[in-house]
Structure formats: C-alpha cells, structure tokens
Amino acid sequence: ETHTFHFPVGECTVTLEDVALQLGLRIDEKLVTGPTFFDLRTSERGSSSWLKHKTKMFRDHTIALPDEPTEQQLLQPCRAYIFGLIGGVIMPDKSSNRIHLMYLPLLAELECEGRYSWGSACLAHLYREMCRAIYPSLKKMGECSLLLQSWAWYRMPSIQPRVQRDITFPLAS
C-alpha cells in the first residue's frame, strides 16, 4: 500500500519530506514508540489505553507559579502543552479529545523530546486514518488535517483559497 491519491494526471502521496517542510517536524531521529498495554482505571468506553483531555483546558488554562518555582513546577506546563499538541494537532483522534497513553513516558524527559521523529509518527498516523476512511460506515477521520490541507494546497494550486487583498506583515518590516 502506498496511500496514494489517484488523479486524472497521475498519482500523488504525502511523503516524509512533505511533513518536514510543511510542519517542521523531525523525520530522522528516534522512532516514537511505546507500550500500548497501559491499564489505568480511568478508561473511557472500555478502552484503558486512552486518556481523555480537554483541548480547551490546554488552550485557556494557565498555571499560577510560585515566586520561586522548582524545576518540576516549570516543566509541568511545558509537558501539558506538548501533550495537547500531540493529541490536538499532530496525532488527534476523531473527536480531538483523547490521547493514547503511550506518549506519556516520552514526555518524562523534555530534553529528549526534540530527538524523536514526530514527523514519521504523524505521517504513519495519517496513513492509518486514511486506510480506515475507506469504510462507508465511517463518518469522521482522525488525522493531522493541517498537514493534509497544506499538502493539498501545495500540490494542487487550483484548490487553494483565493485572497482578494495583498497580504502584508506590518510587524516584519
């Protein structure tokens, strides 16, 4: 399976190079893997390997830090933010409110976080969701829609949105 899109002019597919260029995620470091056998009693709908989170909480909730915070108190909001990015942007499920628990141990040491190939994991997740999307009973697809949309606009300029005004960046000058 190559996960290609078939068009009248030929075939196209999302590649690791597209992920690196469009999302800026690493594609050549350590693989994002982990155990999938977690057994937490906070399961949802019988699945014990998923942790429910609220994306609104990650966006709107700020943690008040003491005057002299410890290193652990400083790193907790960073882990929560990265956890929200994984579940809400890079590898969301269909509802964008659950994250697989296999990603939690990867957040234990934030210094190592940049050494993971999150781009490869994002692309693998997209491919898996595209395979599932072929079933007529499926109503939604959980994937990195930002990647799929930017890839489509880049590869097929005819579907790009048309902007009627000049785009300026006043703060950049």
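The protein appears in an unreviewed UniProt entry as Serine/threonine protein phosphatase 7 long form isogeny from Cajanus cajan.

Caption draft 1: Examining the overall build of the protein more closely. Scanning the protein from N- to C-terminus turns up five helices and four strands. Across the protein, helices and strands are ordered from the amino to the carboxyl terminus as β-β-α-β-α-α-β-α-α. Taken over 173 residues, the protein has a buried fraction of 31%. A separation threshold of at least 6 residues defines the contact pool for the protein, and within that pool the share at least 24 residues apart is 68%. In the form shown here, the protein has an accessible surface area of approximately 12100 Å², with 57% of it arising from carbon and sulfur atoms.

Caption draft 2: Spatial organisation of the nonpolar core. By size, the foremost hydrophobic cluster in this structure holds 26 residues, and its most contacted members are V32, I86, M91, Y103, W118 and L147. Listing elements by their share of this core, those giving two or more residues are α3 (71-90), α4 (118-132) and α5 (145-155). Looking at which element gives the most residues to this core, the answer is α4, with seven residues.

Caption draft 3: Broad picture of the pattern of salt bridges. Counted under the stated rule, the structure contains three salt bridges. Here D18 and R155 are joined by a salt bridge, their closest N and O atoms 2.8 Å apart. Taken as a pair, D18 in helix α1 (residues 16-23) and R155 in helix α5 lie far apart in primary sequence, 137 residues in all.

Caption draft 4: Main features of the environment of A20. Tracing the chain through its elements places A20 in helix α1. In the structure, A20 is positioned 98 residues away from W118 in sequence and 9.6 Å away in space, judged by C-alpha atoms.

Caption draft 5: Structural detail: the packing of α1 against α5. Running from N to C, α1 and α5 point in directions that differ by 100°, and their axes come no closer than 10 Å. Judged by the angle between their axes, α1 and α5 are roughly perpendicular. Note on element contacts: α5 touches α1 through L146, L147, S150, W151, Y154 and R155, opposite D18, V19, Q22 and L23. Its residues assigned to classes, the contact of α1 with α5 shows six nonpolar, two polar and two charged.

Caption draft 6: Representation of α5 within the structure. All of the buried residues in α5 are L147, W151 and A152. Relative to the axis of α5, the buried residues are bounded by an arc of 125° and lie together on one face. On the buried face of α5, the contacting elements are β1 (5-7), β2 (10-12), α1 and α4.

Caption draft 7: Structural context of a nonpolar patch on the surface. Taken together, the side chains of Y81, L85, V89 and L146 make up a nonpolar region of the molecular surface, amounting to roughly 360 Å² of accessible area. When residues in the nonpolar patch are grouped by element, the largest group, three residues, is from α3.

Caption draft 8: Spotlight on the packing of α1 against α4. One can describe the packing of α1 onto α4 by two numbers: an axis separation of 9 Å at closest approach and a directional angle of 115°. The chirality of how α1 crosses α4 is right-handed. Residue-level inspection shows L16, V19 and L23 of α1 in contact with α4, the latter providing G119, S120, C122 and L123. Considering only residue class, the contact of α1 with α4 consists of five nonpolar, two polar and no charged.

Basis of the calculations
- Residues numbered from 1 in each chain as written.
- Predicted model: local features only at pLDDT ≥ 70, side-chain atom pairs only at ≥ 80, totals over all residues.
- Heavy atoms only, no water.
- Helix = DSSP H or I, 4+ residues; strand = E, 2+ residues; numbered from the N terminus.
- Buried < 20%, exposed > 50% of the residue type's maximum accessible area, 1.4 Å probe, protein only.
- Contact = heavy atoms within 4.5 Å.
- Areas by Shrake-Rupley, 256 points an atom, 1.4 Å probe, with all protein chains shown as cover.
- Core = buried A, V, L, I, M, F, W, Y, C linked by side-chain atoms within 4.5 Å.
- Salt bridge = Lys/Arg side-chain N within 4 Å of Asp/Glu carboxyl O.
- Axes fitted to C-alpha atoms, helices over the stretch in contact; angles between N-to-C directions.
- Parallel < 35°, antiparallel > 145°, perpendicular 65-115°, else oblique.
- Nonpolar A, V, L, I, M, F, W, Y, C, P; charged D, E, K, R; others polar.
- Arc of directions from axis to C-beta.
- Patch = residues over 30% accessible without salt bridge, like charges linked within 9 Å, V, L, I, M, F, W, Y side chains within 5 Å.
- Left-handed = near helix turned anticlockwise from the far one by under 90°.

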